[in-house]
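# Breakdown of the fold
Listed below are the residues making up each chain.
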Amino acid sequence: MDASEDTGTPAPDPQEDRRTVERLVPLWLDEAARHDRAAADAARREWEDGALSAESARVLADWATARVTDTAFNEDEGPRREGPARIDVGDKAAVHRWLAAQGHDV
C-alpha cells in the first residue's frame, strides 16, 4: 500500500508535475534575467538541453517556494495573483517532486 491509499488522495502525477514545471520555468527565467542575465541565460540553456545543474535546480526550488502566492490567506493577510504567475502550494510541491525525480536534492 502506498501513501496515497493511506490518505485517500491520489498519488502525484509525474506528467502533471512536468506541465507545472513547464508553466513556471519561463516565469522563473524571466525574473532571474532581471537580476542576473548571465545566470539566467545559463539556466535557460540547461533547461533547453534538458539537464538543469544542481545550482539551477536549487535556485528553481527556492524560487518556487518564495513565490507561493495562493496560501489561503484572506485579502488582508497575503497576496493573491491570478494568471500564469500564480503559484500555489501544490505548484511548489510539484516543482520539488519533479526536481527530485530528476535526481536533484531539494
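Report follows, based on the coordinates. (Residues numbered from 1 in each chain as written. Predicted model: local features only at pLDDT ≥ 70, side-chain atom pairs only at ≥ 80, totals over all residues. Heavy atoms only, no water.)

With that settled, consider the pattern of salt bridges. A side chain of one charge can pair with a side chain of the opposite charge if their charged atoms are brought near each other. One pass over the full model with this rule turns up eight salt bridges. The partner of D17 in a salt bridge is R97, and the shortest N-O contact between them spans 2.7 Å. Of the two residues, D17 is situated in helix α2 (residues 14-35) and R97 in helix α5 (residues 89-101); the sequence distance between them amounts to 80 residues. Overall, D17 belongs to the buried group, its relative accessible area being 7%. Measuring nitrogen to oxygen at the nearest pair gives 2.9 Å for the salt bridge that ties D62 to R58. One end of the pair is D62 and the other is R58, both in helix α4 (residues 54-66) and four residues apart, which spans about a single turn. (Salt bridge = Lys/Arg side-chain N within 4 Å of Asp/Glu carboxyl O. Helix = DSSP H or I, 4+ residues; strand = E, 2+ residues; numbered from the N terminus. Buried < 20%, exposed > 50% of the residue type's maximum accessible area, 1.4 Å probe, protein only.)

To continue, consider the layout of surface pockets. Approximately 220 Å³ is the volume attributed to the largest pocket. Along the walls of the largest pocket sit W28, E31, A32, H35, D36, A39, A40, A43, E55, S56, V59 and W63, which together make up its complete lining. At the level of elements, α2, α3 (37-49) and α4 are the ones that each hand at least two residues to the lining of the largest pocket. Of the residues contributing to the lining of the largest pocket, the split by class is seven nonpolar, two polar and three charged. (1 Å grid on protein atoms, 1.4 Å probe; cavity = no way out; pocket = protein on both sides within 12 Å on 5 of 7 lines; lining within 4 Å. Points joined across faces, edges and corners; volume = space filled by probe spheres on them. Nonpolar A, V, L, I, M, F, W, Y, C, P; charged D, E, K, R; others polar.)

Time to look at the environment of D13. Among the secondary structure elements, D13 is positioned in the loop between α1 (3-7) and α2. Residues D13 and W98, spaced 85 residues apart in sequence, show a C-alpha to C-alpha distance of 9.9 Å.

Between the first and last C-alpha of α3 there are 18 Å, a value that for 13 residues agrees with the 18 Å anticipated at 1.5 Å per step. Listed as buried for α3 are A40, A43, E46 and W47. Projection of α3 onto a plane perpendicular to its axis shows the buried side chains occupying an angular sector of 120°, all on one side. Counted as exposed and oriented over 90 degrees from the buried face of α3: R37, A38, E48 and D49. (Expected span 1.5 Å × (residues − 1). Arc of directions from axis to C-beta.)

As a further point, take α5. The end-to-end C-alpha distance of α5 is 18 Å, a good match for the 18 Å that 13 residues give at a rise of 1.5 Å each. For α5, every residue scored as buried is listed here: D91, A94, V95, W98 and L99. Projected onto a plane normal to the axis of α5, the buried residues spread over an arc of 130° and lie on a single side. Where α5 is buried, its residues contact α2, α3 and α4. Phi turns positive one or two residues past the end of α5, at G103, with a value near 95°. (Contact = heavy atoms within 4.5 Å.)

Attention now moves to the packing of α2 against α5. One way to put it is that α2 packs onto α5 with a least axis distance of 8 Å and a crossing angle of 105°. Compared by their axis directions, α2 and α5 come out roughly perpendicular. Here D17, R18, T20, V21, R23 and L24 of α2 come into contact with α5, specifically with D91, A94, V95, R97 and W98. (Axes fitted to C-alpha atoms, helices over the stretch in contact; angles between N-to-C directions. Parallel < 35°, antiparallel > 145°, perpendicular 65-115°, else oblique.)

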